[in-house]
Amino acid sequence: MQEQIVIVGGGAGGLELATMLGRKLGRSKQAKVTLIDRNSTHLWKPLLHEVASGALDSRLAELDYRGQSARAGFQFMIGTLESVNNHQKTIQLAAIRDAQGREVLAARSLSYDRLILAIGGVTADFGTPGVKEHSYFLDSLRQADEFHEHLLNEFLRVDQSIEDGNETTLSLAIVGGGATGVELAAELIHSVSLLSIYGLSYLDQKHFKVCLVEAGERLLPALPERLSTSVEKKLKSLGVEVILDNPVTQVQENTLVLSEGKPVQANLIVWAAGVRAPDVTKGWGLKIRKNNQIEVNDYLQSVSDTSIYAIGDCAACRIDDERWVPPRAQSAHQMAECLYRNIVRGYRQQPAKPFVYKDRGSLVSLSRFSAVGNLMQSKSLSMSVEGTMARWAYASLYRMHQRALHGWWKMFLLLMVDRLNHVVKPRLKLH
Ligand SMILES: Cc1cc2nc3c(=O)[nH]c(=O)nc-3n(C[C@H](O)[C@H](O)[C@H](O)COP(=O)(O)OP(=O)(O)OC[C@H]3O[C@@H](n4cnc5c(N)ncnc54)[C@H](O)[C@@H]3O)c2cc1C
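Because the structure is a prediction, the values reported are computed rather than measured. (Residues numbered from 1 in each chain as written. Predicted model: local features only at pLDDT ≥ 70, side-chain atom pairs only at ≥ 80, totals over all residues. Heavy atoms only, no water.)

**Notes on the nonpolar core**
Link 1 in the chain: Judged by nonpolar contacts, the single largest core of 54 residues is most densely connected at Ile91 and Leu117.
Link 2 in the chain: The element that contributes the greatest number of residues to this core is helix H9 (residues 329–347), accounting for seven residues.
Link 3 in the chain: If we ignore the near neighbours within four places in the chain, the residues touching Ile91 are Val6, Val8, Ile36, Leu81, Ser83, Val84, Arg108, Ser109, Leu110, Tyr112 and Leu115.
Link 4 in the chain: If you look at the next biggest cluster of nonpolar residues, it comprises 53 residues, including Leu152, Leu170, Ile189 and Leu220. (Core = buried A, V, L, I, M, F, W, Y, C linked by side-chain atoms within 4.5 Å. Buried < 20%, exposed > 50% of the residue type's maximum accessible area, 1.4 Å probe, protein only. Helix = DSSP H or I, 4+ residues; strand = E, 2+ residues; numbered from the N terminus. Contact = heavy atoms within 4.5 Å.)

Take a look at the structure:
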């Protein structure tokens, strides 16, 4: 009997794993590999801040799951995972409804021999009142698109208002001085610098304010202090107001209440502070951490059930007694690779090898202005990079994801397509 391998979540980790397993075991019919995602297309999550600012047209970077499944030898099913029954080894998917609420597909149940959960993470609001009601999140393409649409409307409104003779400004507040917050701030400044090319010539840097608020003492705590300071300086030179060491205690409509000092007023608020796994993991009878991440052992199996695995942002995997694998694309990639190798080893009657996280460093893009990061050669040897070299290294992360999905040759073709699009398409998506 063919083994039923079910992977839920086609993101940075899940889609790479489904592709590798499909090629190795699905095509040769040694196993039936099924990927389930709530969406029909995949967009690499670290691109979402570019979609939000308009720097990237998501339609040019999305990948169709069904197309990928046909090429790589796995099966794709659209659906949202609601519950896991680990006694019966089944999962339940919610009914699919159209925009009018009519049922397209009834709720379904699916059996598995091995279940791999790769459903990613969502932004944590740490119980701060008003966050959900009054802020945007960048956890999904839909949210990035919604923000983008609102941003465009604000661009139009403020540009017209200035043309009509009113001294108006458009202000944005971003909560969270980690990679997402810093990258979004820089992308937004870049987008506004391009507006005049496309006919919105009144709204310029003078009329655009970005405020970045961080609860900790410095931006980008995962990077060496020298790089945090350099990023802070760069953002300030671009006109971004940086508020440090001042947690947000409440979000009201167009206002951030801080633990100290004056509230921050903003037309748009983005909350980009912290990551947790989705609430749905709470109801599956698996051991989870406070942030809902599923606790896994060295082989990425749930500590409560060895036929269930978790990888990427939804997994809590220890590095040592004090540290956990960070929620990053490189972690999801490494976990997918380790699990793939172990599953294939199992088919060859070879023992599995434990997952060992290799920190390759962190890179943060400051849009077209710069990039910074540290590249880790080994535990004790790291190299700080800034400017062009860091931008190349940052861009290579996405290319490595494309290589895992398509191979070197197609990755190279996609790089060429992106270069051509850069020449023939507008540099800013204004629709
Ligand atoms: C704006 C932004 C910038 C980032 N920049 C970087 C960066 O520069 N470098 C870096 O290393 N990391 C970065 N990250 C973090 C990185 O994107 C994540 O760590 C990585 O995507 C995690 O991969 P994953 O496979 O665990 O989950 P994801 O890539 O989030 O994929 C999860 C998938 O599961 C699906 N899903 C979720 N719930 C369900 C359900 N119930 N049923 C069915 N499907 C479901 C989703 O549709 C999605 O396709 C960034 C994140 C954001 C938001």
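**Some points on the side chain of Asn86**
Link 1 in the chain: In this structure, Asn86 sits in the loop between strand S6 (81–85) and strand S7 (90–93).
Link 2 in the chain: A polar atom in the side chain of Asn86 sits 3.5 Å from the side chain of Asp305.
Link 3 in the chain: Those residues in contact with Asn86, other than ones at most four positions away along the chain, are Tyr112, Trp284, Leu286, Asp305 and Ile308. (Polar contact = N/O pair within 3.5 Å; in protein donor to acceptor, adjacent residues only side chain to side chain.)

**Considerations on the domain arrangement of the protein chain**
Where interface size is given, it is often the accessible area lost as the parts come together that is meant.
Link 1 in the chain: When the domains of the protein chain are assigned, the result is domain 1 (3–121 + 277–347), domain 2 (131–271) and domain 3 (361–424).
Link 2 in the chain: Computed over C-alpha atoms only, the centres of domain 2 and domain 3 are separated by 24 Å.
Link 3 in the chain: Taken together, the contact pairs 18 residues of domain 2 with 15 residues of domain 3.
Link 4 in the chain: Across the interface of domain 2 and domain 3, roughly 1,300 Å² is buried in total on both sides, 68% from carbon and sulfur atoms.
Link 5 in the chain: Where domain 2 packs against domain 3, one counts two salt bridges.
Link 6 in the chain: Glu187 is the partner of Arg368 in a salt bridge, and the nearest nitrogen-oxygen pair spans 3.9 Å.
Link 7 in the chain: For the pair domain 2 and domain 3, the number of links is five residue pairs in polar contact (both at pLDDT 80 or more).
Link 8 in the chain: Counting only elements with at least two residues in the side of domain 2 that touches domain 3, the list comes to helix H7 (179–194) and helix H8 (225–237).
Link 9 in the chain: The leading source of residues in the side of domain 2 that touches domain 3 is H7, at seven residues.
Link 10 in the chain: Tallied by class, the residues present in the side of domain 2 that touches domain 3 amount to twelve nonpolar, two polar and four charged. (Domains from an automatic or database assignment. Buried area = accessible area lost by both parts, 1.4 Å probe. Salt bridge = Lys/Arg side-chain N within 4 Å of Asp/Glu carboxyl O. Nonpolar A, V, L, I, M, F, W, Y, C, P; charged D, E, K, R; others polar.)

**Here's the deal with the site of the ligand**
Link 1 in the chain: Close to the ligand lie 30 residues, the nearest being Gly13, Asp37, Leu81, Asp313 and Ala329.
Link 2 in the chain: Between an oxygen atom of the ligand and a main-chain N or O atom of Ala329, the distance comes to 2.8 Å.
Link 3 in the chain: Notes on the ligand: free accessible area 1,000 Å², of which the protein chains cover 90%.
Link 4 in the chain: When residues of the shell around the ligand are traced back to their parent elements, those giving at least two are H7 and H9.
Link 5 in the chain: When residues in the shell around the ligand are grouped by element, the largest group, three residues, is from H9.
Link 6 in the chain: Counted by class, the shell around the ligand contains twelve nonpolar, twelve polar and six charged residues.
Link 7 in the chain: Here the shell around the ligand spans two domains, since at least three of its residues come from each of domain 1 (3–121 + 277–347) and domain 2 (131–271). (Near = heavy atom within 4 Å. Areas by Shrake-Rupley, 256 points an atom, 1.4 Å probe, with all protein chains shown as cover.)

**Quick word on a negative patch on the surface**
Link 1 in the chain: Together, Glu217, Glu225, Asp245 and Glu260 make up a negatively charged patch on the protein surface.
Link 2 in the chain: With respect to the helices and strands, Asp245 occurs in the loop between strand S15 (240–243) and strand S16 (248–252). (Patch = residues over 30% accessible without salt bridge, like charges linked within 9 Å, V, L, I, M, F, W, Y side chains within 5 Å. Lys, Arg positive; Asp, Glu negative; His and termini not counted. Charge placed at Lys NZ, Arg CZ, Asp CG, Glu CD.)

**Quick notes on the side chain of Glu232**
Link 1 in the chain: Along the chain, Glu232 turns up in helix H8.
Link 2 in the chain: Since its relative accessible area comes to 19%, Glu232 is described here as buried.
Link 3 in the chain: Ignoring sequence-local partners within four residues, the contact set of Glu232 consists of Leu219, Val242 and Leu244.

**Section: the pairing of strand S13 (residues 170–175)**
Link 1 in the chain: S13 sits mainly inside the fold: six of its six residues count as buried.
Link 2 in the chain: Residues Leu170, Leu172 and Ile174 point to one face of S13 and Ser171, Ala173 and Val175 to the other, with burial holding for every one of them.
Link 3 in the chain: Alignment of S13 against strand S14 (residues 208–213), held across six bridges, turns out to be parallel. Among the inter-strand pairings, Ser171 is bridged to a residue of S14, identified as Lys209.
Link 4 in the chain: Traced from S13 through H7 to S14, the parallel crossover comes out right-handed. (Pairing = 2+ DSSP bridges. Right-handed = clockwise from strand over helix to strand, strands pointing away.)

**Details of the sheet that holds strand S22 (residues 301–302)**
Link 1 in the chain: Read across the open sheet, the six strands follow the order S5-S2-S1-S11-S23-S22; overall the sheet is mixed. At either end of the open sheet lies a strand with only one pairing partner, and these are strand S5 (75–78) and S22.
Link 2 in the chain: In terms of strand pairing, strand S2 (residues 31–37) meets S5 through four bridges, oriented parallel. Looking at S5, one finds that Leu35 is bridged to Phe76.
Link 3 in the chain: Sheet contacts for helix H1 (residues 14–26): strand S1 (3–8), S2 and strand S11 (114–117); angle to S2, the most-contacted strand, approximately 160°.
Link 4 in the chain: Of the strands in this sheet, S1, S2, S11 and strand S23 (305–310) are in contact with H9, which crosses S11 at around 170°. (Axes fitted to C-alpha atoms, helices over the stretch in contact; angles between N-to-C directions.)

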